[in-house]
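Remarks on the overall topology
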Amino acid sequence: MAYIFCIANQKGGVGKTTTAVNTAAALARRKQKVLLVDLDAQGNATMGSGIEKNDCALTVYQLLIGEASFDEVVCKSASGGYDLIPANRELSAAEIDLMQLKNPDRRLQGVIEKISDRYDFILIDCPPSLSMITVNALCCAVGVIIPMQCEYFALEGLSDLVNTVRRVRQNKNPKLQVIGLLRVMFDARMTLQKEVSEQLKENFGDRVFDTVIPRNVRLAEAPSYGEPGIVYDKTSRGAKAYLAFGRELIKRMSNFKNDSEHEEK
Ligand code: ATP
Ligand code: MG
């Protein structure tokens, strides 16, 4: 069974897709079988994985509404070394179309459940909203990874997201946890960023990942070449940080597994 994580933050442009693509590639490089699900109509994770979104006749949209099977939609990111469920602007219709269907919040779960034993990790790149699409991701995940910039307003939105996670846990998916907050686009020269980073550690303790992703232009350049940053320039500081994050995630998950086995006894 795969570990299923969603990369979520309803704030736009905080580094969700960069984290999803690079973490998928970092895990794949560590010999993990990885599926990345693009759940955003912008299709940035699709393009960043080297797949032209407008050439995809079948995408996550058909999968959600039951018009295509997983095997018909899944494709391979050659640059990233993982499997991808692509998305494009068609997904923007899904919010309304889903409401006509039974269990609109569990459509993705129904699909993922059937194929999760093919993978070690399934990562879901969420859109910048707390919509029905995001709830679909939260319903099938065990963990939420929250990328955030260490800025004053970042903390404001965090409580809405944490409350949504709590509500989904109570009503729909008891397994769901915030696995961790990932500090991204970090600039150590800025005092405010260091202060907010400390504040995060005080409030969230070991739910803040040790790895910090620096602001690094190579990570921003990579998508236009259809490659994850860790492939585009593996020597860059950004690449090294995401590789370290992949290692940290695998380590955390083996502890997580031991803890839950311990609890079951
Ligand atoms: P959206 O909410 O629109 O889906 P997002 O949260 O997925 O956005 P990204 O697309 O990953 O955010 O990042 C936003 C912008 O910041 C992009 O141009 C990306 O290349 C850039 N970026 C992300 N992480 C870094 C980083 N560590 N260093 C420099 N630039 C970065
Ligand atoms: Mg994105």
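Everything below is about the structure printed above this text.
Criteria and cut-off values
Residues numbered from 1 in each chain as written. Chains lettered and ligands numbered in written order. Predicted model: local features only at pLDDT ≥ 70, side-chain atom pairs only at ≥ 80, totals over all residues. Heavy atoms only, no water. Helix = DSSP H or I, 4+ residues; strand = E, 2+ residues; numbered from the N terminus. Expected span 1.5 Å × (residues − 1). Buried < 20%, exposed > 50% of the residue type's maximum accessible area, 1.4 Å probe, protein only. Near = heavy atom within 4 Å. Polar contact = N/O pair within 3.5 Å; in protein donor to acceptor, adjacent residues only side chain to side chain. Nonpolar A, V, L, I, M, F, W, Y, C, P; charged D, E, K, R; others polar. Axes fitted to C-alpha atoms, helices over the stretch in contact; angles between N-to-C directions. Parallel < 35°, antiparallel > 145°, perpendicular 65-115°, else oblique. Left-handed = near helix turned anticlockwise from the far one by under 90°. Contact = heavy atoms within 4.5 Å. Phe/Tyr/Trp six-rings, centres within 6.5 Å; stacked < 30°, edge-to-face > 60°. Core = buried A, V, L, I, M, F, W, Y, C linked by side-chain atoms within 4.5 Å. Pairing = 2+ DSSP bridges. Right-handed = clockwise from strand over helix to strand, strands pointing away. Lys, Arg positive; Asp, Glu negative; His and termini not counted. Salt bridge = Lys/Arg side-chain N within 4 Å of Asp/Glu carboxyl O. Arc of directions from axis to C-beta.

1. A short note on helix α1 (residues 16–29)
Spanning 14 residues, α1 covers 20 Å between terminal C-alpha atoms, matching the ideal 20 Å at 1.5 Å per step. Within α1, twelve of the 14 residues are buried, which leaves it mostly tucked inside the rest of the structure. What α1 keeps buried is the set Lys16, Thr17, Thr19, Ala20, Val21, Asn22, Thr23, Ala24, Ala25, Ala26, Leu27 and Ala28. Count one or two residues on from α1 and you reach Lys31, which has phi positive near 65 degrees.

2. Some thoughts on the site of ligand 1
Around ligand 1, the surrounding shell holds 18 residues, and the nearest of these are Gly13, Lys16, Thr17, Thr18 and Asn216. With respect to ligand 1, the backbone of Val14 contributes an N or O atom lying 3.0 Å from an oxygen atom. Taking Gln42, its side chain carries an N or O atom lying 3.1 Å from an oxygen atom of ligand 1. Listing elements by their share of the shell around ligand 1, those giving two or more residues are α1, β8 (208–214) and α10 (217–221). If one sorts the elements of the shell around ligand 1 by residue count, α1 sits on top with three residues. Among the residues making up the shell around ligand 1, the classes are represented as seven nonpolar, seven polar and four charged.

3. Quick notes on the packing of helix α6 (residues 107–115) against helix α7 (residues 132–140)
Where α6 contacts α7, the axes come no closer than 7 Å and their chain directions differ by 40 degrees. By the angle class used here, α6 and α7 are oblique. Along this stretch, α6 crosses α7, giving a crossing that reads as right-handed. Judged by residue contacts, Arg107, Leu108, Gln109 and Ile112 of α6 engage Asn136, Ala137, Cys139 and Cys140 from α7. For the contact of α6 with α7, the residue count by class is five nonpolar, two polar and one charged.

4. A look at the packing of aromatic side chains
Tallied over the full model, the rule gives five aromatic pairs. Each ring, one from Tyr3 and one from Phe5, has its centre 6.4 Å from the other, and the planes form 5 degrees; the classification is stacked. Here Tyr3 and Phe5 have matching classes, each one buried. For the ring pair Phe209 and Phe245, a centre distance of 4.8 Å and an interplane angle of 85 degrees mean the geometry is edge-to-face. In this pair, Phe209 sits in strand β8 while Phe245 sits in helix α12 (residues 237–264), placing the two residues 36 residues apart along the sequence. Just as Phe209 is buried, Phe245 falls in that class too.

5. Description of the nonpolar core
If you look at the biggest cluster of nonpolar residues, it comprises 53 residues, and the most contacted ones within it are Leu35, Val37, Leu39, Ile112, Ile122 and Ile124. In terms of residues, this core owes the most to one element, α7, which gives seven residues. Not counting chain neighbours up to four residues away, the residues in contact with Ile122 comprise Ala2, Tyr3, Ile4, Phe5, Leu35, Val37, Ile112, Ile115 and Ser116. By size, the runner-up hydrophobic cluster in this structure holds 35 residues, among which are Ala20, Ala24, Leu182 and Leu243.

6. Regarding the pairing of strand β7 (residues 177–186)
With eight of its ten residues buried, β7 lies for the most part within the structure. Relative to β7, strand β6 (residues 143–148) runs parallel, the two sharing six bridges. Bridge pairing links Gly143 to Gln177 in β7. The handedness of the β6 to β7 crossover, carried by helix α8 (residues 152–171), is right-handed.

7. Considerations on the side chain of Arg183
Position of Arg183 among the secondary structure elements: in strand β7. Despite being buried, Arg183 has no salt bridge partner; Asp210 is the closest side chain of opposite charge, sitting 5.6 Å away. Within polar-contact distance, the side chain of Arg183 engages the side chain of Ser197 at 2.8 Å. Setting aside its immediate chain neighbours within four residues, Arg183 contacts Met148, Cys150, Ser197, Leu200, Lys201, Val208, Phe209, Asp210, Val212 and Ile213.

8. Regarding the pairing of strand β2 (residues 34–38)
For β2, the tally of buried residues reaches five of five residues, placing the bulk of the element in the interior. The two faces of β2 match: Val34, Leu36 and Asp38 on one face and Leu35 and Val37 on the other face are all buried. Sheet topology places β2 next to strand β4 (residues 82–85); three bridges connect them, and they run parallel. Paired with Leu36 across the strands is Leu84, a residue of β4.

9. Some thoughts on α6
Since the α-helix turns once every 3.6 residues, residues separated by three or four places project in the same direction. All of the buried residues along α6 are Leu108, Gln109, Val111, Ile112 and Ile115. Looking straight down α6, one finds that the buried residues subtend no more than 165 degrees of arc, so they occupy a single side. In α6, those exposed residues whose orientation departs by more than 90 degrees from the buried face are Glu113 and Lys114.

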